[in-house]
Amino acid sequence: MSEKLIRVGKKLPALDGLEEKVKNQTDWVSADPVKIRTNFQKILQKPSGNWFVLGDRGKLCSKKHREVHFVNGKELLLIRNQDQFCCISNLCPHMGAPLSIGRFDGTRVTCAWHGLSLDCCSSHTNNRVPIYDDGYLIWVRLPSNQQSSDTPYLCDRPSNGIGAVYQKVLRCNPEHVIQNRLDPWHGAHFHPHTFAHLQVYCEFEGALFLRVAYRVWKRVCIEVDARFHCPDPRTIVMTIMEGEGKGSIVETHATPLSPGYTLLTELTIAYSSRPGFKVARVISPLLRPFIAHAMARLWKEDAAYAERRYYLEHGFPYQMYREKGALVGDPKA
Ligand code: FES
Ligand SMILES: [Fe+2]
């Protein structure tokens, strides 16, 4: 028997018969793995400008003014200089010593092996890695045979929203993270604590449009219309198009670290046109942990999903079972 939901908040417009059209479609049939993979292959054709999300600008180098990061198999040294970041390869250009173990004097490092000295933030330093600070996230640009762009391909973000970031390293490749999001049909089944009802009513040019009922408390729900789209091959964005929080976004970024390891970075920017949102903005430091907690709750399950898909494709049953200490795919383990 279907659950009787109590809908609160803004009422959504009728979907001109689209809802009727998809009402009798079974989710497991709609979530066609071949279709999801084909959609993903199209998304892979989009340019990335060679940009990769490195992390949350508020947390990077928060303990020390320098950190080592791995992105797409490259070892990078990130330096924080006041409120600015700069990045170079962590491999000394002489013989590859890790520069991070050298002696630092401000932004200048002297290599621990033979004393080569270079300024990590100088534009004359050869192994410098371009960086982009979008206000929430720090991106790095790594060379590849694809064309580079001056900046990452960012989606529209609400100004004056409340931003919160969640990060986690997953045992899978970026495609498994993006394909998890290209399958919204699992939403109400796999996350019943968060989604009471979810219906994909339109798929158009790689974007998915859905109507979803978020649980506020038990059977009390807020219903919104949302769109998923990919501005680049490693990012998928959910935008609230209608209903409470219209204009809010959730950006999911998948950064390859090395084969089989992916850094998931999720940025939520919550927004509302209601007058009370001004108060929410004032107390945003108190709200951020709650937003991050909601993301973590969903990603506990979605990580299990993405890792299971990776595990099935690559056949690492015993190795991954031992690494994770549990059955791959069980979010409760
Ligand atoms: S490896 Fe750095 S100076 Fe030789
Ligand atoms: Fe999910």
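Residues numbered from 1 in each chain as written. Chains lettered and ligands numbered in written order. Predicted model: local features only at pLDDT ≥ 70, side-chain atom pairs only at ≥ 80, totals over all residues.

### Some thoughts on the overall build of the chain
The line we're drawing: Put simply, DSSP H or I for four residues or longer makes a helix, DSSP E for two residues or longer makes a strand, and each gets a number counted from the N terminus. Our radius of gyration is a C-alpha quantity, and the globule rule it is checked against amounts to 2.2 Å times the number of residues to the power 0.38. Partly exposed residues are those whose C-beta has more than 12 but fewer than 20 other C-beta atoms within 10 Å; with 20 or more the residue is buried, with 12 or fewer it is exposed, and the C-beta atoms are placed from the backbone. We call two residues in contact if the C-beta atoms placed from their backbones are at most 7 Å apart.
In terms of helices and strands, the chain carries eight helices and 18 strands. Taken against the 2.2 N^0.38 rule, which gives 20 Å for 333 residues, the C-alpha radius of gyration of the chain at 22 Å falls within 12% of a compact globule. Taking the principal axes of its C-alpha atoms as reference, the chain extends roughly 75 × 50 × 40 Å. Buried residues in the chain amount to 36% of all 333 residues. For the chain, restricting intrachain contacts to residue pairs at least 6 apart in sequence, the fraction spanning at least 24 positions comes to 58%.

### Description of the sheet that holds strand 8 (residues 117–119)
The criterion, for reference: At least two DSSP bridges between two strands are required for those strands to pair. For helices, the axis comes from a line fit to the C-alpha atoms of the stretch in contact; other axes are also lines fit to C-alpha atoms, and the angle between any two N-to-C directions lies between 0 and 180 degrees.
Pairing is antiparallel in the open sheet, where three strands are placed in the order 6-7-8. Looking along the sheet, the strands with just one partner apiece sit at the ends: strand 6 (103–105) and strand 8. Neighbour-to-neighbour, the strand axes of this sheet turn through a mean angle of 20 degrees, independent of strand direction. In this sheet, strand 8 lies alongside strand 7 (residues 108–110) in antiparallel orientation, the contact comprising three bridges. What sits directly across from Arg 108, in strand 8, is Asp 119.

### Details of the domain arrangement of the chain
Formally: Marked domain ranges trace back to an automatic or database domain assignment.
You can read the domains of the chain as domain 1 (6–44 + 156–324) and domain 2 (51–141). Computed from C-alpha coordinates alone, the two centres of domain 1 and domain 2 are separated by 32 Å. Each partner contributes residues to the interface: domain 1 has 10 residues there, and domain 2 has 10 residues. Of all the elements in the fold, those that place two or more residues in the side of domain 1 that touches domain 2 are strand 12 (162–170), strand 17 (249–258) and strand 18 (261–270).

### Section: the packing of helix 4 (residues 174–181) against helix 7 (residues 284–314)
Our working rule: Roughly parallel covers angles under 35 degrees, roughly antiparallel covers those over 145, roughly perpendicular covers 65 to 115, and oblique covers all other angles. Here is the rule for handedness: rotate from the far helix to the near one, and if that takes an anticlockwise turn smaller than a right angle the crossing is left-handed, while a clockwise turn gives right-handed.
Here helix 4 crosses helix 7 at 125 degrees, and the two axes come no closer than 9 Å. Regarding the angle of helix 4 to helix 7, the classification is oblique. At the point where helix 4 passes helix 7, the crossing takes the right-handed sense. Residue-level contacts link His 176, Val 177, Gln 179 and Asn 180 of helix 4 to Asp 302, Tyr 305, Ala 306, Arg 309 and Tyr 310 of helix 7.

### Overview of the environment of Phe 290
Tracing the chain through its elements places Phe 290 in helix 7. It is 26 Å that separates the C-alpha atoms of Phe 290 and His 176, two residues lying 114 residues apart in sequence.

### A closer look at the nonpolar core
Applicable threshold: Only buried Ala, Val, Leu, Ile, Met, Phe, Trp, Tyr and Cys residues enter a nonpolar core, and they are joined through C-beta atoms within 7 Å.
If you look at the biggest cluster of nonpolar residues, it comprises 74 residues, and the most contacted ones within it are Leu 54, Leu 77, Cys 87, Trp 139, Val 140 and Val 212. Both domains that meet at this core, namely domain 1 (6–44 + 156–324) and domain 2 (51–141), each give it at least three residues. Each residue touching Val 212, except ones within four places of it in the same chain, is listed here: Gly 187, Phe 195, His 197, Leu 198, Val 224 and Ala 226.

### Let's talk about the packing of helix 3 (residues 33–44) against helix 4
What counts, and what does not: Three classes are used, and their members are as follows: Ala, Val, Leu, Ile, Met, Phe, Trp, Tyr, Cys and Pro are nonpolar, Asp, Glu, Lys and Arg are charged, and the others, Gly among them, are polar.
At a closest axis distance of 10 Å, the pairing of helix 3 and helix 4 adopts a crossing angle of 120 degrees. For the element pair helix 3 and helix 4, the recorded crossing hand is right-handed. Residues Ile 36, Phe 40 and Ile 43 of helix 3 lie in contact with helix 4, whose contacting residues are Glu 175, Ile 178 and Gln 179. Each residue belonging to the contact of helix 3 with helix 4 can be placed in one class, and the counts come to four nonpolar, one polar and one charged.

### Here's the deal with the environment of Ser 48
Positionally, Ser 48 belongs in the loop between helix 3 and strand 2 (51–56). Overall, the presence of 20 C-beta atoms within 10 Å leaves Ser 48 in the buried class. For Ser 48 and Gly 245, which are 197 residues apart along the polypeptide, the C-alpha to C-alpha distance reads 29 Å. If near-sequence neighbours (up to four positions away) are discounted, Ser 48 is found in contact with Gln 146, Asp 232, Pro 233 and Arg 234.

### Let's talk about the sheet that holds strand 9 (residues 128–129)
Sheet architecture is open: four strands sit in the order 3-4-5-9, paired in antiparallel fashion. Of all the strands in the sheet, just strand 3 (66–71) and strand 9 have a single pairing partner and so form its edges. Direction of pairing for strand 3 relative to strand 4 (residues 74–81): antiparallel, over a ladder of six bridges. Each bridged residue has a counterpart across the sheet, and for Phe 70 the counterpart in strand 4 is Glu 75.

### Description of the pairing of strand 12
The element strand 12 is extensively covered by neighbouring structure, given that seven of its nine residues are classed as buried. Here strand 12 runs beside strand 18; their pairing, made up of nine bridges, is antiparallel. Bridged to Tyr 166 within strand 18 is Glu 266.

### As for the environment of Ile 162
As for its position among the elements, Ile 162 is in strand 12. Among the residues examined, Ile 162 registers 20 C-beta atoms within 10 Å and is labelled buried. In sequence terms Ile 162 and Ser 272 are 110 residues apart; their C-alpha atoms lie 9.7 Å from each other. Setting aside anything within four residues of it in sequence, one finds Ile 162 in contact with Ile 269, Ala 270, Ala 280, Arg 281, Ser 284, Leu 287 and Arg 288.

### Section: unusual backbone geometry
With a phi close to 50 degrees, Cys 61 is a non-glycine residue in the positive phi region. Overall, Cys 61 belongs to the partly exposed group, with 16 C-beta atoms counted inside 10 Å. Phi angles above zero are rare outside glycine, and Asn 160 is one such case at about 65 degrees. Structurally, Asn 160 is set in the loop between strand 11 (137–141) and strand 12.

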